[in-house]
Every structure is written in C-alpha cells, then in structure tokens.
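Overview (structure and organization)
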Amino acid sequence: MSLKAKVGIVGYGVYIPPYRIKIEDIAKAWGKDGNDISKSLNVYEKAVADFDEDACTIAVEAAKNAVNDFNIDAQKIGALYVGSESHPYAVKPTASIVGDAINAGPDLMCADLQFACKAGTAGMQICYGLVKADLIEYGMAIGADTAQSRPNDALEFTAASGGAAFIIGKNEEEVIAEILDTYSYTTDTPDFWRRPKADYPSHAGRFTGEPAYFKHVISAAKKIMEKNNLHSKDFDYVVFHQPNGKFPLRAADILDFEKKKVEPGLLTPFIGNTYSGASIVGLAAVLDISKPENMILLVSYGSGAGSDAFILKVTDNIKNRYSKNKVKDMINSKVYIDYINYIKHRKKIKG
Amino acid sequence: MSNYALPLIWRKFPERYNLLGNKCTNCGRSYFPSRKICPNCRRKGHLIEEVMPKEGKIISFTKVFSAPEGFEEEVPYFLAIIELINGVRLLAQIVDNEDHKVLIGAKVKMVFRKISEKDEESPIAYGYKFKIVE
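Per chain, the residues get numbers from 1 upward, laid out in the order the sequence is written. Each chain is given a letter, starting from A, and each ligand a number, starting from 1, according to the order in which they appear as written. Given that the model is predicted, a residue must reach a pLDDT of at least 70 before its local features are reported, and side-chain atom pairs must reach 80 or more before they are shown or counted; all residues, however, enter totals for whole chains, interfaces and linings. In computing side-chain properties, one takes all heavy atoms of the structure into account and sets aside hydrogens as well as water.

Describing the pattern of salt bridges
Residue and element names in this part refer to chain A. Only one rule defines a salt bridge in this text: a Lys or Arg side-chain nitrogen within 4 Å of an Asp or Glu carboxyl oxygen. By the definition in use, this model includes 22 salt bridges over all chains. Ionic pairing is found between Lys-334 and Glu-45, a salt bridge with its closest N-O pair at 2.8 Å. With Lys-334 in the loop between α11 (327-332) and β14 (335-336) and Glu-45 in strand β3 (residues 45-48), the pair connects residues that are 289 residues apart, well separated along the chain. Using a 1.4 Å probe on the protein chains alone, a residue whose accessible area is under 20% of its type maximum counts as buried, one over 50% counts as exposed, and one in between counts as partly exposed. A residue is classified by how much of its surface remains accessible, and Lys-334, at 32% relative accessible area, is partly exposed. Helix and strand definitions here come from DSSP, where helices need a minimum of 4 consecutive H or I residues and strands a minimum of 2 consecutive E residues; each element is numbered from the N-terminal end.

Let's talk about the sheet that holds strand β7 (residues 161-169) of chain A
Residue and element names in this part refer to chain A. Note on pairing: DSSP must find at least two bridges between two strands before they are called paired. Overall, mixed pairing links the 9 strands, which are arranged β5-β4-β6-β7-β1-β8-β13-β12-β11 in an open sheet. Each of the sheet's edge strands pairs with one partner strand only, and the pair in question is β5 (109-113) and β11 (237-240). Put simply, the sheet's adjacent strands are angled 20 degrees from each other on average, direction ignored. Taken together, the 10 bridges between strand β8 (residues 177-189) and strand β13 (residues 304-314) define a ladder with antiparallel strand orientation. Residue pairing across strands places Ala-177 opposite Val-314, the latter belonging to β13. A fitted line through C-alpha atoms serves as each axis, taken over the contacting stretch for helices, and the angle formed by two N-to-C directions is quoted from 0 to 180°.

Re the pairing of β11(A)
Residue and element names in this part refer to chain A. What you see with β11 is no split at all: Tyr-237 and Val-239 on one side and Val-238 and Phe-240 on the other are buried throughout. Sheet topology note: the β11/strand β12 (residues 295-299) ladder contains 4 bridges and is parallel. Paired with Val-238 across the bridge in β12 is Leu-297.

Side note on the domain arrangement of chain A
Residue and element names in this part refer to chain A. You can read the domains of chain A as domain 1 (8-175 + 320-345) and domain 2 (177-318). Between the C-alpha centres of domain 1 and domain 2 there is a distance of 16 Å. Where domain 1 abuts domain 2, roughly 4,300 Å² becomes buried across the two surfaces, and 60% of that area is made up of carbon and sulfur atoms. By buried area we mean how much accessible surface two parts lose on assembly, using a 1.4 Å probe and totalling the loss over both. Counting the surface domain 1 buries against domain 2, the share from its top three residues, Cys-117, Gln-125 and Tyr-128, is 14%. Applying the counting criterion to the domain 1 and domain 2 interface returns 1 salt bridge. Where Asp-308 meets Lys-118, a salt bridge forms, and the shortest distance between an N and an O atom there is 3.0 Å. Side-chain atoms alone can form a polar contact between residues adjacent in sequence; in general such a contact is a pair of N or O atoms within 3.5 Å, and within protein one must be able to donate a hydrogen while the other accepts it. Inspection of the domain 1/domain 2 interface yields 30 residue pairs in polar contact (both at pLDDT 80 or more). Where the side of domain 1 that touches domain 2 is concerned, the elements lending two or more residues are β1 (8-15), α2 (34-41), β3, α5 (119-132), β6 (138-146), β7 and α11. Its residues placed into classes, the side of domain 1 that touches domain 2 shows 29 nonpolar, 17 polar and 15 charged. The domain boundaries here were taken from an automatic or database domain assignment. Polar here means any residue outside two lists: the nonpolar Ala, Val, Leu, Ile, Met, Phe, Trp, Tyr, Cys and Pro, and the charged Asp, Glu, Lys and Arg; Gly therefore counts as polar.

Quick look at the interface of chain A and chain B
Facing the 23 residues of chain A at the interface are 21 residues of chain B. For the chain A and chain B pair, buried surface summed over both sides reaches about 1,800 Å², with 48% attributable to carbon and sulfur atoms. The three residues of chain A that bury the most area against chain B are A:Phe51, A:Asp52 and A:Tyr89, which together make up 27% of that side's buried surface. Here chain A is connected to chain B by 4 salt bridges. Across the salt bridge formed by B:Arg113 and A:Asp50, the nearest N and O atoms sit 3.9 Å from each other. Summed over the shared surface of chain A and chain B, the result is 9 residue pairs in polar contact (both at pLDDT 80 or more). Every residue pair with non-hydrogen atoms within 4.5 Å of one another is taken to be in contact.

Observations concerning the pairing of β5(A)
Residue and element names in this part refer to chain A. In this sheet, β5 lies alongside strand β4 (residues 77-83) in parallel orientation, the contact comprising 5 bridges. Directly across from Leu-80, in β5, lies its bridge partner Cys-110. A clockwise path from the first strand over the helix to the second, with the strands pointing away from the viewer, defines a right-handed crossover. One crossover worth recording links β4 to the parallel β5 by way of helix α4 (residues 94-101), and it is right-handed.

A short note on α4(A)
Residue and element names in this part refer to chain A. Taken across its 8 residues, α4 has 6 buried, putting it largely inside the fold. Among the residues of α4, those classed as buried are Thr-94, Ala-95, Ile-97, Val-98, Gly-99 and Ala-101. Backbone geometry just after α4 places Asn-103 at a positive phi near 60 degrees.

Right, here's the structure in full:
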C-alpha cells in the first residue's frame, strides 16, 4: 500500500446507558440550587451506568455497534486499544475481553490505554499509524468510562458513563471520513489525577481551566490548523473534549468557530462528561449527520495533560455507510432515576 | 466468582460472550448450551458449533426480591425465559427496563454485562443478559 492511501474511519459505534439523573436531583441531595449549577455548567442531566455495567461492558456494546452497523469482519481487526480511566482491572486488560466478545482474536495487537479523558483518541492515533504503515487492515480504538466522582464534589454534577468505538481502515470503498492529519500537544500539568488505591479522582479546581483545558485544547487546535494552512472557516464542524457544557463553547469562541459548528457535537448538557468517551461520542454524533466533503476538527483533552487533534474529511461513502444506532436516539432513550438509586447504581454506599 | 471456579468460567467464555451453542446437521435442531450428543438423533446425530441469534422474546418472567449471594445489591431484578428467534430457549436476567415494559411476548436483544464479582480482589465474570427492544 502506498503511504499516500486514504486512511480514516471505516466504522464507529456508541453506547450510552439509558439511566439518567437530573443535575437538580443531585443538587437537591446536597442542599444546593440545581438551576444555578445547571446554568453555570450548561449540564442538565447525565447518563448513569447500571449495577452490572463498567468500562468494559460499555466498550463491548460500542464495539459491537461499530462492527455490526458497518459490516466489518471482526477477524480482520489487527489491533484493539481501549482507553479509559475506569478500567475494571488495574492489572488485566479490558481490551482482551472486548477482543473475545466481538470475536476479533486471537491474531490481535491489544492494550489498555490511560491518559485521563483522551485515551480514546490516543488509541485512534495508534491505529492510524498502524494502518498507514500497512501493518494491519483494521484497528479499533475505544474510549469508554464509568466516570468516578466523590459525593458532593463538583465532579458529581458532570461525571457520567458512556463510550464510543472507532474502526480505522484504508479500504477506499469503506472510509467514511479520511484522517488528513493528527497532532498532539502535551505537557506535565497536574490538574486532575487519581492515585492507584483511591476510589475517586482529585482535581485542582479552577486550575483545570486556563493552564490545563484551554491551554492544551487551543494550542492543539491552532497548531494543527497552522500546519495544514486551514482556518476555522474551512471546517463545517468542530468537536472538543467536553468536561462541561461551557468549556467547548468558550474554546470555539476563542478559536473563532461559530456556535452552530460546535453544538452538534456538544452532548455534555444531555449526558454529562463521559470522560474517555466524551470527545469521540461527540464526533460520532457529528458523523451521524455529516455529508460528503464536510470538514471536521476533533480536539480531545486529557488531564495530566494533553490534547490530540484530528482533521477529518467526510467522503462520499457516508451516503451508504452509516450508523444504525444514532447517538441522538440513544440520548433520547432514557429512564430517570433519583439520587438514592444513583448512589446504589454507582456503588457509592460502602458496607 | 471464586478463584477455584476460574477454569470453569473461562471455558464458558464463548458461550457467555457470544451465545455459542451447537446444531445437529442431521435433524437441524439447535442447542444452547451446547450438547455433547443430539438427544433427537442420538448416534446418527452430528453436532457442529453454531452462534445463536441475539434476538428473541420473553416467554415467562419473574421479579426477584430475595437474591442469591452476589446479587443482593441488584434487587429487585427480572429473570426471564427467553425464546431466541431460532426457537432455542434460555434463562437470563432482563436489564435496563421500566417494570411495565417487562411483559410476556416483549422483544429482547442480548447485551454484554457483568454477571458476578465476589469482591474487589476477585476476577469479574462477564456474559449475556437481555434488554427489551421497542
């Protein structure tokens, strides 16, 4: 294969658990004003995983949707990476479970990734490199989380569950969005972390904004656009990591993207922050409505800290290769639970 | 899942992850879980592996309030006899649904879930459960 062959997304799948809790119900439990919190974060409800769900089950459901909806032979997937900050095991890969569950093994490169909320896009970069180097036919990258948050912490209003799987390939008849370029911006910035035996992550409050999220997201977006001689006006959609519903809108404003270009991929107001899934579930929502020739800028962010940026160009194939499990339908398919059920679901009651 | 059962659980991964059963090429009957011999054809039977369909309907169900060890935190939950679209029946947990939607005849599809975990240091058993599709 020539190194100039089109490499890109040949399939994708999303999974969002149906349970939802309203932010006002979380606020009520702690004597806070839910309306104020929802308005300040631009988040109104969040997706909650069931008792028997974890990052692995979410990854499997997203992977199954990707393989089935896009008619991909799982036996031809040569690499599978699962990014998460809530892997069910500290030692024992999630990726090998997903591999067997979708029947992709045993001829399979496999590993779990961890880079806070951007481990899913890190997997996409690895798959992109492997496919471009002609070492594999398809690579699958998954970002999935059942995000942890300490009760009555600011994170509790946003930390949610969900994930997406992307299959990277090079078959000209299958590529629905060509990856034109990818670039990462990385520094050692301790804005958010979780030590090995801690149940919940810690964060540095307002420090997670300017020197962390905005510095990395804006830098990655600017540099990849400069590198490719492109400007905000050249893109139809932009998808940012979305820890809340406000940060991506501000990032879009700083980078001179119109609001209508960021809103289709901004899902945190309705499902919360799905951590490793957040930016790529947003990308899936944009691909659900994309047309041929649409240009998409994707910029993830992972605390610690780094941003992965991708420039994608939608191809004609999207007219006949599309997801049958639309993100919008998953968002609208929901069952509300109260705070008591929420803490039972997330096993926050310790015996 | 206790550690001593690990080899047993591991052998069941294809069955639990992908509903792998078998089929008799002589009479065409499908079986899940897999059979060692076809009870219909006996020595004339010839069994080959067959992946079961992932869709079906509820034949009967019960709501569990008093759960066995390991499932106490999940009560109340539904257990159902499900008939897959190839006619094979199996017992599975029904998840993710509002109570009024769990009905005899309701259409279901397989989902991948945690089945059990003894404690925080034990391995996790994953496998099939079903959810209602509307």
